[in-house]
Amino acid sequence: MESVFIIVVVLVAFFFLVQKRAAKQVPLKESQYKLKGSLLNNNESVFYNALVAAVANNGVVMPKVAMSQVIGPKSGNKKQWFIANNRIARSYFDYVICDPRTFEPRVVIELDNGKELDKGKIERQKLIIHVCKTANLPLIGCHIKHSYQVGRLRRLLATHIELIEPEKEVRFCKRCGSPMVIKVAAQGEFKGRKFFTCSRQPHCTYTENYNVVFEEDDEL
Ligand SMILES: [Zn+2]
């Protein structure tokens, strides 16, 4: 077992040396780059907005944070350290909420988009649960539907971050993710009743009943 490990280390080192040499021979100006586009997809940015609304000034929401920025292997022997470090090297946390003064990580949020997990995603989830447990870092799994339940997000986070105004209602448009505003119907059969309307009106016409009762707390 030990010798296999040594061979792997030697091979990896050799591979890096070869790569480094190859990279040196190509002038820097020949390496060209292009933008990859938005850092977050639509679901991720809608959820980001909800998290920001939920924590307000009581925390800083950082999306897609490299795991190795947040945690490191506990000291062990070199081999254990190397393996533990490799495990987290290419992974990231969906969202990390930090203390706004010290930027210390307070809680990790993983977004579940409701789709079935493939094998790679299951492995990632196992890794995240394990690393958070051993690093003593709180982990909350959130379903994408919580994007529209800022009050509930706030309650989930309140255990880990000091939050003010836990019940203030904030909603986001289910169509475009923009904040919604409360209006009173001026005409029609619901005249005089409050309702939520997208703040991007007239570009987005989504509205919602003021008294929508959200599904009761199920998982978590
Ligand atoms: Zn909208």
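- As named in an unreviewed UniProt entry, the chain is Topoisomerase DNA binding C4 zinc finger, taken from Vibrio xiamenensis.

1. A few points about the coordination of the zinc ion
So, point 1. Listed as protein donors to the zinc ion are Cys-173 (SG), Cys-176 (SG), Cys-198 (SG) and Cys-204 (SG); their distances from the metal cover 2.2 to 2.4 Å.
So, point 2. In this structure, the zinc ion is coordinated by 4 donor atoms arranged in tetrahedral fashion, with angles at the metal of 103 to 122°.
So, point 3. All donors to the zinc ion come from one chain, and their sequence spacing reads C-x2-C-x21-C-x5-C. Placement of the pair is Cys-173 in the loop between α6 (150-158) and β5 (180-184) and Cys-204 in the loop between β6 (194-198) and β7 (207-209), with a sequence separation of 31 residues. No difference in accessibility class separates Cys-173 from Cys-204, as the two residues are buried.

2. Let's talk about the pairing of strand β3 (residues 105-112)
So, point 1. With 4 bridges connecting them, strand β2 (residues 92-98) and β3 associate as antiparallel partners. Within the sheet, the bridge partner assigned to Tyr-95 lies in β3 and is Ile-109.
So, point 2. Joining the antiparallel neighbours β2 and β3 is a turn of 6 residues, in which Phe-103 adopts a positive phi near 60°.
So, point 3. In this structure, β3 lies alongside strand β4 (residues 139-143), joined through 5 bridges in parallel fashion.

3. Examining the pattern of salt bridges
So, point 1. For the structure on display, the rule yields 7 salt bridges.
So, point 2. Here Asp-99 and Arg-101 are joined by a salt bridge, their closest N and O atoms 3.1 Å apart.
So, point 3. Overall, the relative accessible area of 69% leaves Arg-101 in the exposed class.
So, point 4. Where Lys-126 meets Glu-123, a salt bridge forms, and the shortest distance between an N and an O atom there is 3.8 Å. Pair noted here: Lys-126 and Glu-123 are both in helix α5 (residues 119-135), with a separation of 3 residues, about one helical turn.
So, point 5. Lys-126 gets classed as exposed once you look at its relative accessible area, which sits at 51%.
So, point 6. What makes Glu-123 partly exposed here is its relative accessible area of 44%.

4. Digging into the nonpolar core
So, point 1. Phe-47, Leu-51, Ile-97, Ile-109 and Leu-157 are the most contacted members of the largest nonpolar core, which has 20 residues in total.
So, point 2. Mapped onto this core, the elements with two or more residues apiece are α2 (42-55), β2, β3, β4 and α6.
So, point 3. Looking at this core element by element, the count peaks at 6 residues for α2.
So, point 4. Ignoring anything within four residues of it in the chain, the contact list for Phe-47 reads Tyr-95, Ile-109, Leu-111, Cys-142, His-143, Ile-144, His-146, Ser-147 and Leu-153.

5. Digging into the sheet that holds β6
So, point 1. Reading across from one edge, β5-β6-β7 is the order of the 3 strands in this open sheet, with antiparallel pairing throughout. For this open sheet the edge positions go to β5 and β7, each flanked by a neighbour on one side alone. Adjacent strand axes in the sheet meet at a mean angle of 35° when their direction is disregarded.
So, point 2. Of the pairings in the sheet, the one linking β5 to β6 comprises 5 bridges and is antiparallel in character. Counted as the bridge partner of Val-181 is Thr-197 from β6.

6. Observations concerning unusual backbone geometry
So, point 1. Of note, the amide linkage connecting Gln-201 to Pro-202 takes the cis form, showing an omega dihedral of 0°.
So, point 2. Here Pro-202 is to be found in the loop between β6 and β7.
So, point 3. The phi dihedral of Lys-64 falls on the positive side, at around 45°, and the residue is not glycine.
So, point 4. Position of Lys-64 among the secondary structure elements: in strand β1 (residues 60-66).
So, point 5. For Lys-64, a relative accessible area of 37% gives the class partly exposed.
So, point 6. Even without glycine at this site, Asn-136 takes up a positive phi of about 60°.
So, point 7. Along the chain, the position of Asn-136 falls in the loop between α5 and β4.
So, point 8. Overall, Asn-136 belongs to the exposed group, its relative accessible area being 70%.

7. What to know about the environment of Pro-73
So, point 1. Tracing the chain through its elements places Pro-73 in the loop between α3 (67-70) and α4 (78-89).
So, point 2. As for Pro-73 and Ala-84, which are separated by 11 residues in sequence, their C-alpha atoms are 5.8 Å apart.
So, point 3. Those residues in contact with Pro-73 that sit more than four places away from it in its chain are Trp-81, Ala-84 and Asn-85.

Cut-off values and rules
- Residues numbered from 1 in each chain as written.
- Predicted model: local features only at pLDDT ≥ 70, side-chain atom pairs only at ≥ 80, totals over all residues.
- Heavy atoms only, no water.
- Donors = N, O, S within 2.8 Å, 3.2 Å for Na, K, Ca; no water.
- Tetrahedral: all angles 85-135°; square planar, octahedral: opposite > 155°, others 65-115°.
- Helix = DSSP H or I, 4+ residues; strand = E, 2+ residues; numbered from the N terminus.
- Buried < 20%, exposed > 50% of the residue type's maximum accessible area, 1.4 Å probe, protein only.
- Pairing = 2+ DSSP bridges.
- Salt bridge = Lys/Arg side-chain N within 4 Å of Asp/Glu carboxyl O.
- Core = buried A, V, L, I, M, F, W, Y, C linked by side-chain atoms within 4.5 Å.
- Contact = heavy atoms within 4.5 Å.
- Axes fitted to C-alpha atoms, helices over the stretch in contact; angles between N-to-C directions.

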